[in-house]
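Breakdown of the fold
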Amino acid sequence: MPLVSLIDMYNPANKQRYAIGQFNVNKMEFVQAVMEAAEETKSPAILAASTSALKYGGFDYLINLVKTGAEKVSVPIALHLDHGASIEDAQKCIEAGFTSVMIDASHESFEENMRITKEVVKIAHPRNIAVEAELGRLGGIEDDVKVEEREAFLTDPDQAVEFVEKTKCDALAVAVGTSHGAYKFKGKAKLAFDRIDQIKKKTGIPLVLHGASGVSPDLIERATKYGAELPGAKGVPDEAYSEAIKLGINKINIDTDLRLGWLGTVREELARNPKVIDPRKILGPARETVKQIIIEKMKIFGSAGKA
Ligand code: G3H
Ligand code: 13P
Ligand code: ZN
C-alpha cells in the first residue's frame, strides 16, 4: 500500500501501549529486510533515513526504494527523516513524500528549539505529516556524575509539557540515559524509567526512545569471532524495552543492531568462502540476518500482529 502517515500509526500504538520500530536504512537490502519482516509479522514499520544515509544512498534512489517496497506489502509503512538538522531539510523531505520528519534542534536553547519545531509543524501538518522533536541531551547516566549534571541532560517533564503544548509536535524524543552507537553504558545499563513515566503522565504524547539498540552479546561475539574489534560494546537489554513501553514509549529507534548483524554476517561469509566473487552470496545472508533481527524487535516491541 502507499506510505502511511506516522500520525495515523501513533494513535493505536499510544492507546494500546506498544511501540513501532524505527529501522534506519541506507541501501536496498536493508529496505527489503524491513519490508519482509513487517509483512511476515503483520507489523507496522518505520523506515528512517538520516541526512547522511540520504547522501550515501542518493536522495531519490532511497526514497523510491522505500516507496516501491511499501507498495509491495500489505502492512502500514512510514518513511521518516531521522535527526533532521534544519527546517529546509525537513521541508525538502516533506515535499518528496516522507510521511514523518524529525527536527532535531535539541542542541539549541529551549526557546529556539520550540521556534524551529513550530516552523516544521506549520509545514508538515497541513499535509498530515508527523513531526518528531527532541528535548534534552542523549547520553549515558554515569554512576560518578553528580545529580545536578544528570538532571541537566535528561528531559525535564515540565519543559516537555510546555514544549508539546506550544509546538504541537506529534512525538517527543526523550533523553533518558540512552545514546547512539554500540557503546551506551560503561557499567550496567541504566535508563531513567521514572522520567519516561513522569513525561508520559504529564504530556500523554507518543514518546520516542533513541539510541535503543540492544547490542546483544551474540551479535558482538559473531562479529568478533571473524575479526571485528568492539571491546566494551553494550546496549539496551530486552527487559528495558518492555518497561519503557509500559511507561509510554511508542517508537523505538534501531540502527546499530542492524549494522552489527550485517557486519557479523558479511565477515563470516567472507571468511568462510574465500573463493566467492558474487556479492549476492555475501549480501543475501546479511540481508537475512538483518531481517531476523527486525522480526525479533517487532515481537518484543509488541507491534507484531498489529497491522
Ligand atoms: O541517529 C543516528 C543514526 O544511527 C543515523 O546514523 O547519521 O550515521 O546515518 P548516520
Ligand atoms: P542506535 O545507535 O542505538 O541504533 O540508535 C539509533 C537511533 O537512535 C537513530 O535515530
Ligand atoms: Zn537517534
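Structure first, text after, so check above.
Here goes a summary of the coordinates provided. (Residues numbered from 1 in each chain as written. Chains lettered and ligands numbered in written order. Predicted model: local features only at pLDDT ≥ 70, side-chain atom pairs only at ≥ 80, totals over all residues. Heavy atoms only, no water.)

**Details of the site of ligand 1**
- By nearness alone, every residue bordering ligand 1 is listed as Asn24, Ser50, Ser52, Asp82, His83, His180, Asp255 and Arg259.
- Note that an oxygen atom of ligand 1 is positioned 3.3 Å from one of the side-chain N or O atoms of histidine 83.
- Within the contact set of ligand 1, an oxygen atom lies 3.1 Å away from a side-chain nitrogen or oxygen of histidine 180.
- Coverage of ligand 1 by the protein chains reaches 68% of its 310 Å² of free accessible surface.
- For the shell around ligand 1, the class distribution of residues is no nonpolar, five polar and three charged. (Near = heavy atom within 4 Å. Polar contact = N/O pair within 3.5 Å; in protein donor to acceptor, adjacent residues only side chain to side chain. Areas by Shrake-Rupley, 256 points an atom, 1.4 Å probe, with all protein chains shown as cover. Nonpolar A, V, L, I, M, F, W, Y, C, P; charged D, E, K, R; others polar.)

**Some details on the coordination of the zinc ion (ligand 3)**
- Around the zinc ion (ligand 3), the protein contributes the donor atoms His83 (NE2), His180 (NE2) and His210 (ND1), at 2.1 Å from the metal centre.
- On the primary sequence, the residues serving as donors to the zinc ion (ligand 3) are separated as H-x96-H-x29-H. Placement of the pair is histidine 180 in the loop between β6 (171–174) and α9 (193–203) and histidine 210 in the loop between β7 (207–209) and α10 (217–225), with a sequence separation of 30 residues.
- Note on histidine 210: relative accessible area 1%, which makes it buried. (Donors = N, O, S within 2.8 Å, 3.2 Å for Na, K, Ca; no water. Helix = DSSP H or I, 4+ residues; strand = E, 2+ residues; numbered from the N terminus. Buried < 20%, exposed > 50% of the residue type's maximum accessible area, 1.4 Å probe, protein only.)

**Some thoughts on unusual backbone geometry**
- Unlike most non-glycine residues, asparagine 128 shows phi in positive territory, near 60°.
- Structurally, the position occupied by asparagine 128 is in the loop between α6 (110–124) and β5 (130–135).
- Look at lysine 168: it is not a glycine, yet its phi comes out positive at around 65°.
- Considering the arrangement of structural elements, one finds lysine 168 in the loop between α8 (157–167) and β6.

**What to know about the packing of aromatic side chains**
- Inspection of the entire model under this criterion finds four aromatic pairs.
- Relative to phenylalanine 98, the ring of phenylalanine 59 has its centre 6.5 Å away and its plane inclined at 25°; by these criteria the two rings are stacked. With phenylalanine 59 in helix α4 (residues 59–72) and phenylalanine 98 in the loop between α5 (87–96) and β4 (100–103), this pair connects stretches of sequence that are 39 residues apart. By the burial criterion, phenylalanine 59 is buried, and phenylalanine 98 matches it.
- One cation-aromatic arrangement involves lysine 27 over tryptophan 262; the distance from NZ or CZ to the ring centre is 5.1 Å.
- Stacked on the ring of phenylalanine 59, the Lys or Arg lysine 92 has its end atom at 4.3 Å from the ring centre. (Phe/Tyr/Trp six-rings, centres within 6.5 Å; stacked < 30°, edge-to-face > 60°. Lys NZ or Arg CZ within 6 Å of the ring centre and 35° of its normal.)

**Focus on the site of ligand 2**
- In the vicinity of ligand 2 lie 15 residues, with Asp82, Lys184, Ser213, Asp255 and Thr256 positioned nearest.
- In this structure, an oxygen atom belonging to ligand 2 sits 2.9 Å away from a main-chain N or O atom of glycine 181.
- One nitrogen or oxygen atom from the side chain of serine 213 is found 2.7 Å from an oxygen atom belonging to ligand 2.
- Relative to its free-state accessible area of 300 Å², ligand 2 is covered by the protein chains to the extent of 96%.
- For the shell around ligand 2, the elements supplying multiple residues, two or more each, are β1 (20–24), β3 (77–84) and β8 (249–254).
- Split into classes, the residues belonging to the shell around ligand 2 amount to two nonpolar, ten polar and three charged.

**Considerations on the environment of alanine 49**
- Locating alanine 49 in the fold gives a position in strand β2 (residues 45–50).
- Sequence separation between alanine 49 and glutamate 134 is 85 residues, and the spatial gap between their C-alpha atoms is 17 Å.
- Look past the residues within four positions of alanine 49 in its chain and what remains in contact with it is Val25, Leu54, Leu62, His80, Leu81 and Asp82. (Contact = heavy atoms within 4.5 Å.)

**Side note on the side chain of threonine 265**
- Here threonine 265 is to be found in helix α12 (residues 256–272).
- Threonine 265 gets classed as buried once you look at its relative accessible area, which sits at 1%.
- Beyond its immediate sequence surroundings of up to four residues, threonine 265 is in contact with Arg222, Pro285, Ala286 and Thr289.

**Some remarks on the state of the cysteines**
- Following the criterion strictly, the structure yields zero disulfides and no others.
- Just so you know, cysteine 169 is unpaired, no disulfide at all, and the nearest cysteine sulfur is the one on cysteine 93, 18 Å from it.
- A residue is classified by how much of its surface remains accessible, and cysteine 169, at 6% relative accessible area, is buried. (Disulfide = S-S within 2.5 Å.)

**Overview of helix α2 (residues 28–41)**
- The end-to-end C-alpha distance of α2, which contains 14 residues, comes to 20 Å, matching closely the 20 Å that a straight helix rising 1.5 Å per residue would cover.
- Considered for burial, the residues of α2 that qualify are Glu29, Phe30, Val31, Ala33, Val34, Met35, Ala37, Ala38 and Thr41.
- Among the structural elements, β1, β2, α4, β3, α12 and α13 (279–301) are those in contact with the buried residues of α2.
- Lysine 42, located one to two residues past α2, shows a positive phi value of around 55°. (Expected span 1.5 Å × (residues − 1).)

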